[in-house]
Amino acid sequence: MLSKNRKIAGWVLAGLIAALLLFSAYGKFAMPEMAANFEKWGLGNWRIIVACGEIIAALLFLFPRTNIFGVLLLSAHMGGAIVVHMSNAEPFIIQSVILVLVWITGFVRNPFMQAALH
């Protein structure tokens, strides 16, 4: 069982990360700058698919029952974002920090992940 403080911290972290990712997905749908970036990276046709995947992963990450699936999907998503930015000689520190926060939140919300390390 998780302590009350750990549950609260898990919900706060998950909520903030999910909100950030949902805003990012919205940007992929609505912001011309984001569409231009995807074109520049040669991924113009994938923008909507990436945004939908981001929404699904963020929602899975948000809810405790499916959180571990969200952690895994967001790890793949952020790993892809890091590779795209690295390939185009762009900064990737934000994507790296988000990836670390996803895993920290996963460990906070899923005690069995911590037990697997021992």
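For clarity, every value in this text was computed on a predicted model and none was experimentally measured. (Residues numbered from 1 in each chain as written. Predicted model: local features only at pLDDT ≥ 70, side-chain atom pairs only at ≥ 80, totals over all residues. Heavy atoms only, no water.)

Enquirer: I tried to follow the overall build of the protein on my own but got confused; where do I start?
Expert: On a plain count of helices and strands, the protein comes out with six helices and zero strands. Along its sequence from the N terminus, the protein presents helices and strands in the succession α-α-α-α-α-α. Overall size of the protein, expressed as C-alpha extent along the three principal axes, is 45 × 25 × 20 Å. Expressed as a percentage of the 118 residues in the protein, the buried residues total 32%. (Helix = DSSP H or I, 4+ residues; strand = E, 2+ residues; numbered from the N terminus. Buried < 20%, exposed > 50% of the residue type's maximum accessible area, 1.4 Å probe, protein only.)

Enquirer: What is the right way to look at the nonpolar core in this model?
Expert: Where a protein is soluble and globular, its nonpolar side chains tend to be buried together. By size, the foremost hydrophobic cluster in this structure holds 13 residues, and its most contacted members are Ile17, Leu21, Phe61, Leu74 and Val102. Looking at this core, the elements that each hand over two or more residues are helix 1 (4-30), helix 3 (47-62), helix 4 (67-87) and helix 5 (93-109). Every residue in contact with Val102, bar those within four places of it in the chain, is listed here: Ile17, Phe61, Val71 and Leu74. (Core = buried A, V, L, I, M, F, W, Y, C linked by side-chain atoms within 4.5 Å. Contact = heavy atoms within 4.5 Å.)

Enquirer: Any chance you could explain unusual backbone geometry here in plain terms?
Expert: Negative phi characterises most residues that are not glycine, and trans characterises most peptide bonds. Of note in the backbone geometry, Ala89 takes a positive phi value of approximately 50° without being a glycine. Within the element layout of this structure, Ala89 appears in the loop between helix 4 and helix 5.

Enquirer: Hey, could you run me through the pattern of salt bridges in this one?
Expert: Proximity of charged atoms lets side chains of opposite charge pair with each other. This structure, assessed with the given rule, holds two salt bridges. The residue Lys28 makes a salt bridge to Glu54 at a minimum N-O spacing of 2.9 Å. Linking Lys28 in helix 1 with Glu54 in helix 3, this pair joins segments that are 26 residues apart in sequence. When sorted by exposure, Lys28 lands in the same class as Glu54, which is buried. Ionic pairing is found between Glu90 and Lys40, a salt bridge with its closest N-O pair at 2.8 Å. Residue Glu90 is found in the loop between helix 4 and helix 5, and its partner Lys40 is found in helix 2 (residues 32-40); the two are separated by 50 residues along the sequence. (Salt bridge = Lys/Arg side-chain N within 4 Å of Asp/Glu carboxyl O.)

Enquirer: Would you explain the packing of helix 4 against helix 5 in this entry?
Expert: A packed helix pair is summarised by two numbers, namely the angle formed by the two axes and the spacing between the axes. One way to put it is that helix 4 packs onto helix 5 with a least axis distance of 9 Å and a crossing angle of 165°. Compared by their axis directions, helix 4 and helix 5 come out roughly antiparallel. At the point where helix 4 passes helix 5, the crossing takes the left-handed sense. Across the interface between the two elements, Asn67, Val71, Leu72, Leu74, Ser75, Met78, Ala81, Ile82 and His85 of helix 4 pack against Gln95, Ser96, Ile98, Leu99, Val102, Trp103, Gly106 and Arg109 of helix 5. (Axes fitted to C-alpha atoms, helices over the stretch in contact; angles between N-to-C directions. Parallel < 35°, antiparallel > 145°, perpendicular 65-115°, else oblique. Left-handed = near helix turned anticlockwise from the far one by under 90°.)

Enquirer: I keep staring at a nonpolar patch on the surface and nothing clicks. Help me out?
Expert: Taken together, the side chains of Ile93, Ile94, Val97, Val100, Leu101 and Ile104 present a nonpolar region at the surface, about 540 Å² in accessible area. Examined against the element boundaries, Val97 turns out to sit in helix 5. (Patch = residues over 30% accessible without salt bridge, like charges linked within 9 Å, V, L, I, M, F, W, Y side chains within 5 Å. Areas by Shrake-Rupley, 256 points an atom, 1.4 Å probe, with all protein chains shown as cover.)

Enquirer: Any chance you could explain the packing of aromatic side chains here in plain terms?
Expert: Here the distance between the centres and the angle between the planes together describe a pair of aromatic rings. For the structure on display, the rule yields two aromatic pairs. Its guanidinium or amino end placed over the ring of Trp11, Arg109 lies 4.7 Å from that ring's centre, counting from NZ or CZ. (Phe/Tyr/Trp six-rings, centres within 6.5 Å; stacked < 30°, edge-to-face > 60°. Lys NZ or Arg CZ within 6 Å of the ring centre and 35° of its normal.)

Enquirer: Help me understand the packing of helix 1 against helix 5 in this model?
Expert: The interhelical angle for the contact between helix 1 and helix 5, taken along N-to-C directions, is 150°, at an axis separation of 9 Å. Overall, the two elements helix 1 and helix 5 adopt an arrangement that is roughly antiparallel. Pair helix 1 / helix 5 crosses with left-handed handedness. Between helix 1 and helix 5, the contacting residues are Arg6, Ala9, Gly10, Trp11, Leu13, Ala14, Ile17 and Leu20 on the first element and Ile98, Leu101, Val102, Thr105, Phe107, Val108 and Arg109 on the second. Tallied by class, residues from the contact of helix 1 with helix 5 come to 11 nonpolar, two polar and two charged. (Nonpolar A, V, L, I, M, F, W, Y, C, P; charged D, E, K, R; others polar.)

Don't take any of this as a statement about function, it's just geometry.
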